[in-house]
Amino acid sequence: MTIVTRFPPSPTGFMHIGTARTGLFNWLYAKHNKGKMRFRIEDTDRARHSEAAVEAIINGLKWLEIDWDGDIISQYACGARHTEIAHELVKRGEAYYCYCTPDELEKMRESAKAEGRIASYDRRWRDSKNTPPAGIKPVIRIKAPLSGEQLVNDKVQGEVRVNAEQLDDFIILRSDGVPTYMLAVVVDDHDMGVTHVIRGDDHFNNTFRQNVIYQAMGWDIPVYAHLPLILGPDGAKLSKRHGATGVEEYRNLGYLPEAMRNYLLRLCWSHGDDEIISTEQAIEWFDFDGIGKSPARFDFDKLNFINSHYMKLADNNRLVDLSLDILNRVGHSYSPSTKKYLFAAMDELKTRAKTIAGLVDDSRIYWMTGAITMDEKAAALLDVAGIAIVKKLGVALKNLSNFDNANIELACKAIGESEGVKLGKVMMPLRAALTGTTSSPSLFHAIEILGKDEVLRRIEQSI
RNA sequence: GCACCCAUCGUCUAGCCCGGCCUAGGACACUGCCUUUUCACGGCGGCGACUGGGGUUCGAAUCCCCAUGGGUGUACCA
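Per chain, residue numbering runs from 1 following the sequence as it is written. Here chains are named by letter from A upward and ligands by number from 1 upward, in the order in which they appear as written. Selection of residues for local features in this predicted model requires a pLDDT of at least 70, selection of side-chain atom pairs for listing and counting requires 80 or more, and totals for whole chains, interfaces and linings are taken over all residues. In computing side-chain values, all of the structure's heavy atoms are included and hydrogens and water are not.

1. What about the sheet that holds strand S8 (residues 171-173)?
Criterion used throughout: strands pair if DSSP finds at least two bridges between them. Helix and strand assignments follow DSSP, with helices taken as H or I runs no shorter than four residues and strands as E runs no shorter than two, numbered in order from the N terminus. The antiparallel open sheet is built from 3 strands, whose spatial order is S4-S5-S8. Of all strands in the sheet, those bounded by a partner on one side alone are strand S4 (95-98) and S8. Neighbouring strand axes in the sheet, compared pairwise and without regard to direction, differ in orientation by 45 degrees on average. Direction of pairing for S4 relative to strand S5 (residues 139-142): antiparallel, over a ladder of 4 bridges. Of the residues in S5, the one forming a bridge with Tyr97 is Ile140. Convention adopted: a line fitted to C-alpha atoms gives each axis, helices being fitted over their contacting stretch, and angles between N-to-C directions are expressed from 0 to 180 degrees.

2. Let's talk about the protein's contact with RNA strand B
Throughout, near means a residue has at least one heavy atom within 4 Å of the molecule or strand. By nearness alone, 62 residues border RNA strand B, and Arg174, Cys268, Lys293, Arg352 and Ser440 come closest of all. Sugar plus phosphate, as a fraction of atoms of RNA strand B within 4 Å of the protein: 69%. Side-chain atoms alone can form a polar contact between residues adjacent in sequence; in general such a contact is a pair of N or O atoms within 3.5 Å, and within protein one must be able to donate a hydrogen while the other accepts it. Interatomic distance of 2.8 Å between a side-chain N/O atom of Asp273 and a base nitrogen of RNA strand B. Separating a base nitrogen of RNA strand B from a backbone N or O atom of Ser440 is a distance of 2.5 Å. With 5 residues, helix H17 (residues 423-435) is the largest single contributor of residues to the surface near RNA strand B. Partitioned by chemical class, the residues of the surface near RNA strand B number 20 nonpolar, 20 polar and 22 charged. Under this grouping Gly is polar, as are all residues other than the nonpolar Ala, Val, Leu, Ile, Met, Phe, Trp, Tyr, Cys and Pro and the charged Asp, Glu, Lys and Arg.

3. Here we look at helix H10 (residues 300-313)
In this scheme, a helix's expected span is set at 1.5 Å multiplied by one less than its residue total. For H10, with 14 residues, the first-to-last C-alpha span of 20 Å sits near the 20 Å given by 1.5 Å per residue. Accessibility here uses a 1.4 Å probe with only protein chains present; expressed as a share of the type maximum, an area under 20% marks a residue as buried, one over 50% as exposed, and anything in between as partly exposed. Every buried residue belonging to H10 is among Leu303, Asn304, Ile306, Asn307, Ser308, Tyr310 and Met311, and all of these are buried.

4. Things to note about the packing of helix H5 (residues 181-191) against helix H6 (residues 204-217)
At a minimum axis separation of 9 Å, H5 and H6 run at an interaxial angle of 60 degrees. Classified by the angle between their axes, H5 and H6 sit oblique to one another. With respect to the hand of their crossing, H5 and H6 are arranged in right-handed fashion. Taking contact as the criterion, the partners of Tyr181, Met182, Leu183, Val185, Val186 and Asp189 in H5 are, on H6, Asn206, Arg209, Gln210, Ile213 and Tyr214. Of the residues belonging to the contact of H5 with H6, the class tally is 7 nonpolar, 2 polar and 2 charged. Every angle not falling under 35 degrees, over 145, or within 65 to 115 is termed oblique; those three ranges are roughly parallel, roughly antiparallel and roughly perpendicular. Here is the rule for handedness: rotate from the far helix to the near one, and if that takes an anticlockwise turn smaller than a right angle the crossing is left-handed, while a clockwise turn gives right-handed. Contacts were defined at the residue level, with two residues in contact if any of their heavy atoms lie within 4.5 Å.

5. Some thoughts on helix H11 (residues 316-329)
In this model, H11 (14 residues) spans 20 Å end to end at C-alpha, consistent with the 20 Å of a helix rising 1.5 Å per residue. Those residues of H11 lying buried are Asn316, Leu319, Val320, Ser323, Leu324, Ile326 and Leu327. The buried residues of H11 all sit within an arc of 160 degrees when viewed along its axis, so they share a single face. On the buried face of H11, the contacting elements are helix H7 (247-253), H10, helix H12 (336-352) and helix H13 (356-367). Residue Asp315 occupies the N-cap position of H11, its side-chain oxygen lying 3.1 Å from the main-chain nitrogen of Asn317. Positive phi shows up at Gly331, right after H11, with a value of about 85 degrees. Relevant arc is that of directions from the helix axis to the C-beta atoms, nothing else.

Here it is, written out as structure tokens:
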């Protein structure tokens, strides 16, 4: 049997980090089992639906380098089939028309709450022989079992039971004829041949309801795996106030997709003590056994660490391109020399930064033009003595014929010796003069990269 | 409220199912030292947890019960 998983996001305008995680796990499980992952957009809520939102999710998946099998299915487009099933269920005696008004329902909800019952609808139309009231468009409700225990055997959560009293005859077709999510999911999953439903734990309670539909239709119930939720750093539901919740934001911040995948995977899944896990290993190792049961908090520090790891491994050309993307986005019109500097300094830059955005920040010392803005510490280094040293360095560098790393180092050390001071006393003022800061990558190398003209220009500027 | 789920360092987790190998392992963060022209990187150390209480057992992080805490669900949303 071919294993078929599915990725069914609802288009809410962006791709939530939790959605991405679910997608990743479905994808890994499918890949691990040489199965397929289908992609379906849960777009039945027309009020909230927009093409841009669909686009955002597709782009998010593509960025994460997660692919899917077959066409993207629109749940909305399958509406006729859902409706057909709803009527079929009525015909089979598994569902019925209900003519309750919203007011009546509200009253039932209140009394149910007062009595501590979870199922609020009192099933008054379930087997009613009453003549339907005129002028009211009915909904279709499914007949949930009246007694007994419902069991869900979940690959992550184990066997979970619930009493039938907890289930009510929920609506499968609205009064306006539009199918509900509960019906649509089941019909689509069945029609798409989905064998494994891997989704967030927030859907767990729905599983009991969905099983009612499967059973009423006599369809095979899929294998379920409910993943623990991702919470914010404070343990509360991950929301906007925690910072970035959308995949797009991480992309813009300069995280690498492979880092994102690795981080998301390790959140609530483990394989012994392994932390850095390549996609190939992830596919090879991924299994339900490794999934934890408790919710995990999102930790930016760890993400940063993993990202910096993958940045060190990343190809320089790619990193340069990503850097230029960020420069473009912030409206910095880069020159060919910017690109040249990035290339030359990339080996060093990528070992320092945690994100591409951070890398771009660090790279400023190479491509900045015009007046040098000094930070406080840098300015303090350029006192009388500091300026004197920098002047001497300027002369020495000007006279240097082989303007490379090694010779620059020799020249600087020579100045230090002739002045009788440690190298730090020489380099720090120079660093201040050249970069306007007190921390930067290796100056010898930076000087070589900048070239004699630019170095002398900056020295001139600063003193 | 009711239902369901969860519970090991600050965080992610290993160990738990199949009790002894656990004076509880790894990673991030924090921190000390080393390296060093600065900041990073890197290397070597340190700090730091079985939520509480009852059982069961010769023995419990591991099994059972209760409490507490956290999460989710409870729509003609998905």
